[in-house]
2 protein chains.
Amino acid sequence: MKKRWIRNASFITMDEENPFLTGHMVIENDRITYVGTESPDPATDWEEIIDGKNKIIMPGLVNTHNHAAMSLLRGYADDLNLQVWLQEKMWPIEGKFTSQDVQVGTSLSVIEMLKGGTTSFVDMYDHMGEVAGVVEISGMRGCLTRGVIGLVPPDVQQAKLEDAMSFARDWHGKANGRITTMMSPHAPYTCPPDYITKIVQAAHDLDLPLHTHMSESLAEVEDNVKQYGDRPVEHLRRLGVFDRPTLVAHAVHLTDEEIDIMKQYDVRVSHNPGSNLKLASGIARVPDLLRAGVLVSLGTDSSASNNNLDMFEEMRLAALLHKGISGDPTAVPAMAALRMGTIDGAKSIWLKETGMLKAGMKADFIALDADQPHFYPRTHFVSHVVYSASAKDVTDVWVDGKQLVRKGECLTLDEEKVKAEFTASYERLTKG
Amino acid sequence: MKKRWIRNASFITMDEENPFLTGHMVIENDRITYVGTESPDPATDWEEIIDGKNKIIMPGLVNTHNHAAMSLLRGYADDLNLQVWLQEKMWPIEGKFTSQDVQVGTSLSVIEMLKGGTTSFVDMYDHMGEVAGVVEISGMRGCLTRGVIGLVPPDVQQAKLEDAMSFARDWHGKANGRITTMMSPHAPYTCPPDYITKIVQAAHDLDLPLHTHMSESLAEVEDNVKQYGDRPVEHLRRLGVFDRPTLVAHAVHLTDEEIDIMKQYDVRVSHNPGSNLKLASGIARVPDLLRAGVLVSLGTDSSASNNNLDMFEEMRLAALLHKGISGDPTAVPAMAALRMGTIDGAKSIWLKETGMLKAGMKADFIALDADQPHFYPRTHFVSHVVYSASAKDVTDVWVDGKQLVRKGECLTLDEEKVKAEFTASYERLTKG
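Residues numbered from 1 in each chain as written. Chains lettered and ligands numbered in written order. Predicted model: local features only at pLDDT ≥ 70, side-chain atom pairs only at ≥ 80, totals over all residues. Heavy atoms only, no water.

In total, this model carries 60 salt bridges over all chains according to the counting rule given. The partner of B:Lys392 in a salt bridge is A:Asp393, with the nearest N and O atoms 3.0 Å apart. Taken as a pair, B:Lys392 in the loop between helix 14 (381–387) and strand 16 (394–399) and A:Asp393 in the loop between helix 14 (381–387) and strand 16 (394–399) lie in two separate chains rather than in one. Judged by its relative accessible area of 29%, B:Lys392 is partly exposed. Classification of A:Asp393 by relative accessible area gives buried; the value is 1%. For the salt bridge of B:Glu415 with B:Lys419, the shortest nitrogen-to-oxygen distance reads 2.9 Å. Taken together, the residues span about one helical turn, with B:Glu415 and B:Lys419 both in helix 15 (residues 415–430) at a distance of four residues. Sharing partners across several salt bridges, the network here consists of A:Lys115, A:Glu415, A:Glu416, A:Lys419, B:Asp371 and B:Arg378. (Salt bridge = Lys/Arg side-chain N within 4 Å of Asp/Glu carboxyl O. Helix = DSSP H or I, 4+ residues; strand = E, 2+ residues; numbered from the N terminus. Buried < 20%, exposed > 50% of the residue type's maximum accessible area, 1.4 Å probe, protein only.)

Two pairing modes exist for strands in a sheet, parallel and antiparallel, and in both the strands are linked by backbone hydrogen bonds. Residue and element names in this part refer to chain A. Reading across the sheet, the four strands line up as 11-12-13-14 and stay open at both edges, with parallel pairing between neighbours. With partners counted over all chains shown, the strands left at the sheet margins are strand 11 (210–214) and strand 14 (296–298), one partner each. Geometrically, the sheet is characterised by an average inter-axis angle of 30 degrees between neighbouring strands, direction not taken into account. With five bridges connecting them, strand 11 and strand 12 (residues 246–250) associate as parallel partners. (Pairing = 2+ DSSP bridges. Axes fitted to C-alpha atoms, helices over the stretch in contact; angles between N-to-C directions.)

Residues and elements named next belong to chain A. The UniProt record annotates "binding site: Zn(2+)" (unreviewed entry) at His65, His67, His213 and Asp301. Across 237 residues in sequence, these annotated residues keep their C-alpha atoms within 11.9 Å of one another, forming a single compact spot. Checked against the lining of the second largest pocket, the annotated residues just named reduce to His67, His213 and Asp301. Summarising the element assignment, histidine 213 is placed in strand 11. Each residue touching histidine 213, except ones within four places of it in the same chain, is listed here: His65, His67, Met124, His186, Ala187, Pro188, Ala249 and His250. Within the element layout of this structure, aspartate 301 appears in the loop between strand 14 and helix 11 (311–326). Among all residues touching aspartate 301, those that are not within four sequence positions of it are His65, Asn66, His67, Glu216, His250, Asn272, Ser275 and Leu309. (UniProt positions renumbered as here; feature names shortened; annotations may be inferred. 1 Å grid on protein atoms, 1.4 Å probe; cavity = no way out; pocket = protein on both sides within 12 Å on 5 of 7 lines; lining within 4 Å. Contact = heavy atoms within 4.5 Å.)

Superposition record for chain B on chain A: RMSD 0.0 Å, screw rotation 180 degrees, translation along axis 0.0 Å. Expressed as a symmetry operation, the mapping of one chain copy onto the other fits a two-fold axis. No C-alpha of chain B approaches the rotation axis more nearly than that of B:Lys392, which lies at 3.3 Å. Interface overlap between copies: 100% of the residues of chain B at the interface are likewise at the interface in chain A, consistent with a symmetric, same-surface contact. (Least-squares fit on C-alpha atoms with pLDDT ≥ 70 in both.)

Here we come to the environment of A:Lys358. Residue and element names in this part refer to chain A. Tracing the sequence through the fold places lysine 358 in the loop between helix 13 (343–348) and strand 15 (365–369). Placed 345 residues apart in sequence, lysine 358 and threonine 13 show a C-alpha to C-alpha distance of 7.1 Å. Residue contacts for lysine 358: discarding those within four places in its chain leaves Asp15, Glu17, Ile32 and Val35.

Turning to the nonpolar core, a few remarks are in order. Counting 261 residues, the largest nonpolar core has A:Met25, A:Met183, A:Met262, A:Leu368, B:Met25, B:Met183 and B:Leu368 as its most contacted members. Once residues within four sequence positions are removed from consideration, A:Leu368 is found in contact with A:Asn54, A:Lys55, A:Ile56, A:Met58, A:Phe312, A:Phe375, A:Val385, A:Ala389, A:Asp393 and A:Val394. (Core = buried A, V, L, I, M, F, W, Y, C linked by side-chain atoms within 4.5 Å.)

Attention now goes to the interface of chain B and chain A. Opposite the 58 residues of chain B that make contact, chain A presents 58 residues. For the pair chain B and chain A, the summed buried surface comes to about 4,500 Å²; carbon and sulfur atoms form 61% of the total. Ranking the residues of chain B by area buried against chain A places B:Asp79, B:Pro373 and B:Lys392 at the top, with a combined share of 15%. Linking chain B to chain A there are eight salt bridges. Across the contact surface, chain B and chain A share 33 residue pairs in polar contact (both at pLDDT 80 or more). Mapped by element, the contributors of at least two residues to the side of chain B that touches chain A are helix 2 (99–115), helix 9 (273–278), helix 11 (311–326), helix 14 and helix 15 of chain B. The dominant element in the side of chain B that touches chain A, judged by the number of residues it contributes, is helix 11 of chain B, at eight residues. Here the side of chain B that touches chain A is built from residues that sort into 22 nonpolar, 20 polar and 16 charged. (Buried area = accessible area lost by both parts, 1.4 Å probe. Polar contact = N/O pair within 3.5 Å; in protein donor to acceptor, adjacent residues only side chain to side chain. Nonpolar A, V, L, I, M, F, W, Y, C, P; charged D, E, K, R; others polar.)

The subject of this paragraph is the UniProt feature "binding site: substrate" (unreviewed entry) in chain A. Residues and elements named next belong to chain A. Annotation from UniProt places "binding site: substrate" (unreviewed entry) at Glu94, Arg146, His186, Glu216 and Asp301. Restricting the annotated residues to those that line the second largest pocket leaves Glu94, Arg146, His186, Glu216 and Asp301. Along the chain, glutamate 216 turns up in the loop between strand 11 and helix 6 (218–228). Sequence-distant contacts of glutamate 216, defined by excluding residues within four places in its chain, comprise Leu82, Tyr189, His250, Val252, His253, Asn276, Leu279, Ser281 and Asp301. Take aspartate 301: its relative accessible area is 5%, and that puts it in the buried class.

Now for empty space enclosed by the protein. As enumerated under the stated definition, the model contains one cavity of 30 Å³ or more in all. Considering only enclosed or pocket space, the largest cavity measures out at about 80 Å³ in volume. The wall of the largest cavity is formed by A:Glu313, A:Arg316, A:Leu317, A:Leu320, B:Glu313, B:Arg316, B:Leu317 and B:Leu320. Broken down by secondary-structure element, the contributors of at least two residues to the lining of the largest cavity are helix 11 of chain A together with helix 11 of chain B. (Points joined across faces, edges and corners; volume = space filled by probe spheres on them.)

What follows deals with the packing of aromatic side chains. All names here are of chain A. Counting across every chain of the model gives 10 aromatic pairs over all chains. Between tryptophan 5 and tryptophan 46, the ring centres sit 5.3 Å apart and the planes meet at 40 degrees, which makes this aromatic pair tilted. Within this pair, whereas tryptophan 5 is found in strand 1 (residues 3–12), its partner tryptophan 46 is found in the loop between strand 3 (31–36) and strand 4 (48–51), the two being separated by 41 residues in sequence. Accessibility assignment for this pair places tryptophan 5 and tryptophan 46 in one class, buried. We note lysine 3 situated over the ring of tryptophan 46; from NZ or CZ to the ring centre the distance is 5.8 Å. (Phe/Tyr/Trp six-rings, centres within 6.5 Å; stacked < 30°, edge-to-face > 60°. Lys NZ or Arg CZ within 6 Å of the ring centre and 35° of its normal.)

Once that is clear, we can look at the packing of helix 4 (residues 154–171) of chain A against helix 5 (residues 193–206) of chain A. All names here are of chain A. Close contact between helix 4 and helix 5 brings their axes to 11 Å; oriented N to C, the two are set at 25 degrees. With respect to helix 5, the element helix 4 is oriented roughly parallel. Helix-helix and strand crossings are classified by hand; for helix 4 and helix 5 the assignment is right-handed. In contact with Gln157, Lys160, Leu161, Met165, Ala168 and Arg169 of helix 4, helix 5 contributes Tyr195, Lys198, Ile199, Ala202 and Leu206. (Parallel < 35°, antiparallel > 145°, perpendicular 65-115°, else oblique. Left-handed = near helix turned anticlockwise from the far one by under 90°.)

All right, on to the state of the cysteines then. Note: disulfide means a covalent bond formed between the sulfur atoms of two cysteine side chains. Under the counting rule described, the total for this entry stands at zero disulfides over all chains. The thiol of B:Cys143 is not disulfide-bonded; the next cysteine sulfur, from B:Cys191, is found 18 Å away. (Disulfide = S-S within 2.5 Å.)

Here we come to the layout of surface pockets. Residue and element names in this part refer to chain A. There is about 560 Å³ of room inside the second largest pocket. In this structure, the second largest pocket is lined by 28 residues; those nearest its centre are Trp91, Glu94, Tyr125, Ile149 and His186. Per-element tally for the lining of the second largest pocket: the top contributor is helix 1 (residues 82–94), with five residues. When grouped by side-chain class, the residues that make up the lining of the second largest pocket number 13 nonpolar, nine polar and six charged.

With that settled, the discussion passes to helix 15 (residues 415–430) of chain A. Residues and elements named next belong to chain A. Under the 1.5 Å per step criterion, the end-to-end length of helix 15 is 22 Å for 16 residues, consistent within 8% with the ideal 22 Å. What helix 15 keeps buried is the set Glu415, Val418, Lys419, Phe422, Ser425, Tyr426 and Leu429. For helix 15, the buried positions fall inside an angular range of 125 degrees around the axis, keeping them on one side. (Expected span 1.5 Å × (residues − 1). Arc of directions from axis to C-beta.)

The next subject is the domain arrangement of chain A. In many analyses, interface size is given as the accessible surface area lost on bringing the parts together. All names here are of chain A. Along its sequence, chain A is organised into domain 1 (3–59 + 354–408) and domain 2 (61–348). A straight line from the C-alpha centre of domain 1 to that of domain 2 covers 29 Å. Every contact between the two is made by 30 residues of domain 1 and, on the other side, 30 residues of domain 2. Regarding the contact of domain 1 and domain 2, the summed buried area is about 2,400 Å², with carbon and sulfur atoms giving 67% of it. Of all residues in domain 1, Met14, Val386 and Tyr387 bury the most surface against domain 2, accounting for 26% of the area lost on that side. (Domains from an automatic or database assignment.)

Given below as structure tokens:
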């Protein structure tokens, strides 16, 4: 039994019964067995004793919407609207992505996420076997899904669906349970209704949740009404999507009725404030969603539309943006943003054992260096984490009880090798 | 003659004739003497040769609105509206600030700013002699002003005005010209009209610019109309404020007519997007201001309402926010945000020799570590600096040709000593 002791640290636990303490945490193999102010017995046979002095220890962050391989397109096309950006910029070059490109793009993103304190992420992309392979080796937790675009002939549709199903079946529960899977129609505007119905049936057959983009831009909502007679929420409800557990990304443009339906069906929202601003998609009605009791988490979206994978920034944006828009400075307080980035992120992707530091939970946690000017005065740590911190304050990261980042260095993936391969991929993709 | 050579770096110069290059820069004493692709002669008697490999070299950032000592109140009161926050939280505890508190609070902020790549800042506060002393020792550039609140008896008003004048007179042009000064009525809502007139006269007498808070919240604008019959812009114009060179902070709530007046009088705006969101003050009409030709720069405001002094974040917010609000993804492109944070910041505070890397300019510049995942692919550097970077990517900082930060360490102020004194001040201020 590997026993480790984190001693004399400041903890933000996200456990409502015991939210903040200066004290100790004990890890046995992949689980937390103790969090509290009393010191454990120093005479125990400790595998490792970790000094928590000047550290904030908190649950790892959960990024609930990403397309990790798109790090290859960071900065490739900025300051364009969603449809132009997708159709004229992203899709043509993404069409050239090989499995190898997806593997290196994802690897770079996983290193960035891990070093920045993200311990679990959602990835929706193609060549998902490569993505799962990277996640397995990296030690990170991933909820992965092959996003399918259905604007193709029936035989290609069928092949994509089979690819998505076999990926989902093969990888669900793998890597000591760190990898889970979902089924994903890319969006209502990229999948004909009958194809969405087939994907829903596949999710029933495999007993998996669904993930999709929804109501990201106003144009998309208006087109949905024109083409199908309904706004996206009712459209997806009618197609049976919400009969499965569902996580939707964006959900920027919603009516009160749509929020009610989402609450009724327990549809979860991945709020992507940075991406929604950058693509000028708009600003999601987060305070209204929270008031209605909809589960809201945070996603970076890809680094082509963000352009980094810093979840502290998304927490801060979620906390700041809705104050400025609503005129209500009490909208989305720091603790609400921190919940979205941790425990509610975990719940949103059906992870019951992470997102909180508490005996019995999986040991997914991070350490921040709090001995820096922007963490002074050395109090109000929730405020500092949300309003002042950044990815680069993270020094150490553990997932499933295993240390993956030590003093800012990723222990499981070779950063220098990945950067060299990444540059080679980028040069090949953009040449000629 | 001290000659230094930065070799083989990637430069973002902000010089329109030569905006990007991979090459070399030469510094002689406090000035840049060469920026270009040709290597200077290695046989020159170099005082120092600095390897620019994997570095982005760019002008230092300019923070045009801050109250640096308020780092003591970081996290002290979040998620409240402006008037409650000021009157019930900030002002009572600020009333207890001693000169020593201002000195340590400012020191902590100066360390945070310098390490984060800010080379020039505006500070409006009290005990300004202490602030100037810190700026002098730190090597930073400061445009400093004693902000006066006039809601006091006439003799106190007069004493404050004299204090502001003697500070401004004593320190203007000091520290090899690194320190300049302004005169500052705190805001139209905290200074009676006749007091503002006196401050304007003082600015005429001393030949100094003016700085004030203006139109930060809607309530303040409405109160101004109720009390004085005019909105703040016309009110200040009528009081002669704009007959002096003027920098206003915030300018969130403006009509088209007010923007015209500001353009006509060349009134400069310090846009503080983070603070304006956090206090739910609203969102300034930055695209309209830019279209009208008003000079817009960026400020963090104090770390009590931000809550850090990371100017990369303000550039990113300026670039993202106005896209999301306007629905126009081309609003405030990356380069426009970068101009606000550098060259236009310098112009806003009447600095003619900084904000750009070009022969003849003062050597105020910073180095970023670009060999990190969030800077890959290694191209699109303006995009990466605005959309992906943070304060903690800065490794080295020079002001007036002198290196102030080396490998992330401040060379001029003792960070450990400052943190200890800061904690002592905070504990004394909040006890009992």
